[in-house]
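Read off the chains here:
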Amino acid sequence: MTFPRSLRAFVAAALVAAPLPALAQSPAPAPEDAAEAEEPPEPGAGIPRAYAPDWRKGAFLLSVGGGYVVPLGSIASGVTAADLVSGGPGVSVGLGFGLSRHVSFELEGNYGLLGGGETCTGCSGSTLGAGMRLVYHLAQGIAFDPWASYGVGFRTSLVEAPETGTAPAFGIGRSQGIDFARITLGGTFYPHPVFGFGPFLEGTVGSYRLRPDVGTSPSVYGFFQVGLRVTFDPLRAGKVRASSRVATSF
């Protein structure tokens with residue numbers, strides 16, 4: 001059977017044109033290419049945010065504290081502090097300067113009045129310490145400021161015996177030494193930008209190098225104090241207002 005020439009030309013053209021659509025299609029993405037495709041970012045993602053305002057660096061801090069001081073350890077070899085004196089009220093004053101948003105340097109002094117001890121109930125005493133310390137603030141820019149400090153300093157203590165009665169043979173008089181570790185833990189709550197208060201715990205360890213009894217050898221003494229500290233930060237209010245204006249401008 002013979003097909004017309006026009007029909008044979010139409011069939012040949014159809015066979016040639018049939019695979020063209022398939023070749024025109026783009027290849028499907030490989031599985032690994034689909035996995036590498038990144039999802040669109042969430043709203044706000046990738047926008048840099050500024051650090052919280054630094055309210056501590058360059059600021060002067062004045063603190064005043066009061067509490068109860070307990071003597072520990074020994075005044076000299078064979079003479080414990082508890083034998084001669086007992087705990088009493090104490091006060092402390094500190095002047096600090098902010099080095100960074102988390103660290104400040106402080107000059108600090110403390111004074112305590114001591115009562116009679118176990119073997120010398122009529123004795124009395126006092127202790128005065130002065131030194132410097134670094135204070136690490138866990139947070140800044142919020143109303144509550146937990147902090148910890150480490151310091152060293154000089155200490156002079158006086159033990160006085162009663163005029164009448166029996167008094168120990170050693171340990172009466174003035175002793176001077178070095179506080180080689182003064183560790184304090186505390187927290188400050190700021191109800192107002194320039195005023196804060198909070199509790200603290202302090203432990204001091206040192207050794208008296210000069211003693212009233214030259215025949216005794218030095219030994220380790222200690223003091224423990226618990227109390228309340230009030231902090232004044234006169235520049236904090238201005239920094240708080242400045243940071244508030246910056247925050248509202250964005």
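Residues numbered from 1 in each chain as written. Predicted model: local features only at pLDDT ≥ 70, side-chain atom pairs only at ≥ 80, totals over all residues. Heavy atoms only, no water.

Caption draft 1: Geometry of the environment of Gly186. Within the element layout of this structure, Gly186 appears in strand β8 (residues 173-192). By relative accessible area, Gly186 is classed as buried at 18%. With 49 residues separating them in the primary sequence, Gly186 and His137 have C-alpha atoms 9.7 Å apart. Apart from the residues within four sequence positions on either side, Gly186 is in contact with Asp145, Pro146, Trp147, Pro199 and Phe200. (Helix = DSSP H or I, 4+ residues; strand = E, 2+ residues; numbered from the N terminus. Buried < 20%, exposed > 50% of the residue type's maximum accessible area, 1.4 Å probe, protein only. Contact = heavy atoms within 4.5 Å.)

Caption draft 2: Quick look at the environment of Gly203. Tracing the sequence through the fold places Gly203 in strand β9 (residues 195-210). Note on Gly203: relative accessible area 28%, which makes it partly exposed. The spatial distance from the C-alpha of Gly203 to the C-alpha of Val69 is 9.8 Å, given a sequence separation of 134 residues. Excluding residues that lie within four positions of it along the chain, Gly203 makes contacts with Ala181, Arg182, Ile183 and Phe223.

Caption draft 3: A look at the packing of aromatic side chains. Under the counting rule described, the total for this entry stands at six aromatic pairs. Between Phe195 and Phe197, the ring centres sit 6.1 Å apart and the planes meet at 40°, which makes this aromatic pair tilted. A residue is classified by how much of its surface remains accessible, and Phe195, at 30% relative accessible area, is partly exposed. Accessibility expressed as a relative area gives 33% for Phe197, which makes it partly exposed. (Phe/Tyr/Trp six-rings, centres within 6.5 Å; stacked < 30°, edge-to-face > 60°.)

Caption draft 4: Focus on the pairing of strand β6 (residues 124-137). Pairing geometry for strand β5 (residues 103-116) and β6, over 12 bridges, is antiparallel. The residue of β6 that forms the bridge with Tyr111 is Leu128. Direction of pairing for β6 relative to strand β7 (residues 144-160): antiparallel, over a ladder of 14 bridges. Counted as the bridge partner of Tyr136 is Ala148 from β7. (Pairing = 2+ DSSP bridges.)

Caption draft 5: The confidence of the model for the chain, seen in detail. Across the chain, the average pLDDT comes to 80, with 70% of residues at 70 or higher. In this model, residues 20-25 is a region of pLDDT below 50 whose contacts with residues beyond four sequence positions or in other chains number zero contacts. Throughout residues 246-250 the model reports pLDDT below 50, and contacts reaching past four residues in sequence, or to other chains, amount to zero contacts. (pLDDT = per-residue confidence, 0-100.)

Caption draft 6: Inspection of the state of the cysteines at higher detail. If you walk through the whole model with that rule in mind, you get one disulfide. Here Cys120 pairs with Cys123 through a disulfide, and the sulfurs are 1.8 Å apart. Taking the sign of the S-S torsion, about 75° here, the bridge from Cys120 to Cys123 comes out right-handed. For Cys120, a relative accessible area of 1% corresponds to the buried category. By relative accessible area, Cys123 is classed as buried at 4%. (Disulfide = S-S within 2.5 Å.)

Caption draft 7: Representation of the pairing of β9. Where β8 lies against β9, 12 bridges are found, and the strand directions are antiparallel. Looking at the pairing, Gly186 lines up with Phe200 of β9. Adjacent in sequence and paired antiparallel, β8 and β9 are bridged by two residues.

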